[in-house]
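Breakdown of the fold
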Amino acid sequence: MHGGNQSGVSDFLLLGISESPEEQQILFWMFLSMYLVTVMGNVLIILAISFDSHLHTPMYLFLVNLSLTDLFFVTNTIPKTLVNLQSQNKAISYAGCLTQLYFLICLVTLDNLILATMAYDRYVAICCPLRYITAMSPGLCILLLTLCWALSVLYGLFLTLLMTKVTFCGSRRIQYIFCEMYILLRLACSNTQVIHTVQITTGGFIFFTPLGIMVMSYVWTVRAILQIPSASSKYKAFSTPLGSHLAVVSLFYGTLGMVYLQPLKTHSMKDSVATVMYAVVTPMMNPFIYSLRNKDMHGALGRLLLGKAFQRLTGRKLRH
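The structure displayed is predicted, hence computed values, not measured ones. In this numbering scheme, every chain counts its residues from 1 along its sequence in written order. Totals for whole chains, interfaces and linings use all residues, but because this is a predicted model, local features are given only for residues with pLDDT of at least 70 and pairs of side-chain atoms are given and counted only at 80 or more. Side-chain calculation: all heavy atoms of the structure are included, whereas hydrogens and water are not.

Our next topic: the environment of Thr57. Here a helix means four or more residues in a row that DSSP labels H or I, a strand means two or more in a row labelled E, and each is numbered from the N terminus. Mapping Thr57 onto the fold places it in the loop between helix H1 (21-51) and helix H2 (58-86). Only protein chains enter the accessibility calculation, which uses a 1.4 Å probe; a residue whose area is less than 20% of its type maximum is buried, one above 50% is exposed, and one in between is partly exposed. For Thr57, a relative accessible area of 29% translates into the label partly exposed. Put simply, Thr57 and Cys141 are 84 residues apart on the chain and 9.6 Å apart in space, counted from C-alpha to C-alpha.

The salt bridge definition used is simple: a Lys or Arg side-chain nitrogen within 4 Å of an Asp or Glu carboxyl oxygen. As enumerated under the stated definition, the model contains two salt bridges in all. Asp52 is the partner of Arg303 in a salt bridge, and the nearest nitrogen-oxygen pair spans 2.5 Å. Here Asp52 lies in the loop between H1 and H2 and Arg303 lies in helix H11 (residues 295-306), a separation of 251 residues in the sequence. Exposure remark for Arg303: the relative accessible area of 33% places this residue in the partly exposed category. On the accessibility criterion, Asp52 (5% relative accessible area) is buried. A salt bridge links Asp121 to Arg122; the shortest N-O distance between them is 2.8 Å. For Arg122, a relative accessible area of 9% puts it in the buried group.

Once that is clear, we can look at the packing of helix H5 (residues 138-163) against helix H7 (residues 193-226). Between N-to-C directions, angles span 0 to 180 degrees; the directions come from axes that are lines fitted to C-alpha atoms, helices contributing only their stretch in contact. Where H5 contacts H7, the two axes come as close as 11 Å, and the packing angle between them is 170°. As far as their axial angle goes, H7 and H5 are roughly antiparallel. Taken together, the residues of H7 that come into contact with H5 (itself represented by Tyr155, Phe158, Leu159 and Leu162) are Ile195, Val198, Gln199, Thr202, Gly203 and Ile206. Residues were grouped as follows: Ala, Val, Leu, Ile, Met, Phe, Trp, Tyr, Cys and Pro as nonpolar; Asp, Glu, Lys and Arg as charged; and all remaining residues, including Gly, as polar. Each residue belonging to the contact of H5 with H7 can be placed in one class, and the counts come to seven nonpolar, three polar and no charged. Roughly parallel refers to an angle under 35 degrees, roughly antiparallel to one over 145, roughly perpendicular to one between 65 and 115, and oblique to any angle outside these ranges. In this analysis, two residues are considered to be in contact whenever any of their non-hydrogen atoms come within 4.5 Å of each other.

Our next topic: the packing of aromatic side chains. Only centres within 6.5 Å qualify two rings of Phe, Tyr or Trp (six-membered ring in Trp) as a pair; their planes then separate them into stacked at under 30 degrees, edge-to-face at over 60, and tilted for everything else. Scanning the model with the defined rule gives five aromatic pairs in all. Relative to Tyr123, the ring of Tyr120 has its centre 6.4 Å away and its plane inclined at 40°; by these criteria the two rings are tilted. Here Tyr120 and its partner Tyr123 are both found in helix H3 (residues 94-127), three residues apart, which amounts to about one turn of the helix. Residue classification places Tyr120 among the partly exposed positions, given a relative accessible area of 33%. Here Tyr123 and Trp220 contribute two aromatic rings whose centre-to-centre distance is 5.5 Å and whose plane-to-plane angle is 45°, an arrangement assigned as tilted. Residue Tyr123 is located in helix H3, and its partner Trp220 is located in helix H7; the two are separated by 97 residues in the primary sequence. Among the residues examined, Trp220 registers a relative accessible area of 36% and is labelled partly exposed.

Let us look at the UniProt feature "transmembrane region" (unreviewed entry) in the protein. UniProt positions are given in the numbering used here, feature names are shortened, and annotations may be inferred rather than shown by experiment. Mapped onto this numbering, the UniProt entry annotates "transmembrane region" (unreviewed entry) at residues 26-51, 57-79, 91-115, 135-162, 200-221, 242-261 and 273-292. Secondary structure over residues 200-221 splits into 100% helix and 0% strand, and the C-alpha atoms at its two ends are 30 Å apart.

To continue, consider the pairing of strand E1 (residues 11-14). A one-sided burial pattern is seen for E1, the buried positions being Phe12 and Leu14 and the unburied ones Asp11 and Leu13. Taken together, the three bridges between E1 and strand E2 (residues 91-93) define a ladder with antiparallel strand orientation. Bridge pairing in E2 places Phe12 opposite Ile92. Two elements, E1 and strand E3 (residues 173-174), share two bridges in a ladder whose sense is parallel. From the neighbouring strand, Leu14 faces E3, where its bridge partner is Ile174. Strand pairing follows a simple DSSP-based rule, namely that at least 2 bridges must link the two strands.

So this is what it looks like as structure tokens:
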């Protein structure tokens with residue numbers, strides 16, 4: 001990674017959202033609270049699904065992997081942000097910056113691919129319920145997840161290796177909370193047109209292909225639900241993980257689009273806020289979205305946290 005391309009630049013400065021000491025204290029406690037909530041929420045989701053045999057289904061297997069991805073994602077960025085907010089030294093080494101960039105690319109890609117896999121799972125469950133068990137066999141689920149992880153790791157490695165060819169000789173100030181590819185390309189003093197073109201082309205394929213799969217799955221799934229004659233059955237169908245998944249996808253792509261669907265040379269405070277949205281808020285909200293209206297998750301979390309007391313309570317409600 002070090003090669004000869006640093007051109008004297010050994011550190012970058014992660015300036016974050018604000019350089020005001022008063023605002024940094026507020027941001028520190030805000031980020032710390034959000035990080036702890038994110039970790040606790042996703043760990044609870046993973047444990048609840050792992051210990052509840054009723055949830056050992058393809059949809060919840062994918063959800064466990066999504067929660068793991070979110071855990072790794074916030075751990076890759078937020079701890080360093082918290083250190084920067086509490087210290088005067090906001091430097092991150094060249095190697096550290098590229099390492100953070102690698103995991104960022106890898107985990108955002110993985111998030112995207114898992115969401116597409118979950119959309120396909122919901123399509124099969126609602127549109128082809130009689131074939132669901134065979135169509136979403138354990139072997140196929142493991143294969144899909146293996147492909148998601150392998151493609152993400154390779155794509156992250158590919159783009160990070162490209163970045164080692166970039167020369168930095170000017171400003172080292174990054175107006176973000178972490179090292180991000182667009183920002184690094186803006187700081188480069190070498191010609192980045194080829195790398196930017198490759199990044200746009202491959203990124204478009206990696207992100208818009210799964211998005212296309214999701215849109216097609218939603219269209220077919222919603223069409224199938226609308227053909228159900230009973231209004232209560234329609235409501236029940238939308239109250240399944242399908243509704244939660246739609247909310248997560250909207251949040252993920254909405255915040256991601258705010259950051260990347262713009263010219264390379266522009267930057268504003270809006271970009272920093274949007275970065276916080278997809279880097280911190282989205283991973284924090286996912287556990288709430290998936291458990292808020294999901295009775296299966298309510299039950300699993302109740303059994304995990306309250307044990308036999310929850311079983312006695314639900315037993316009483318059933319008798320009444």
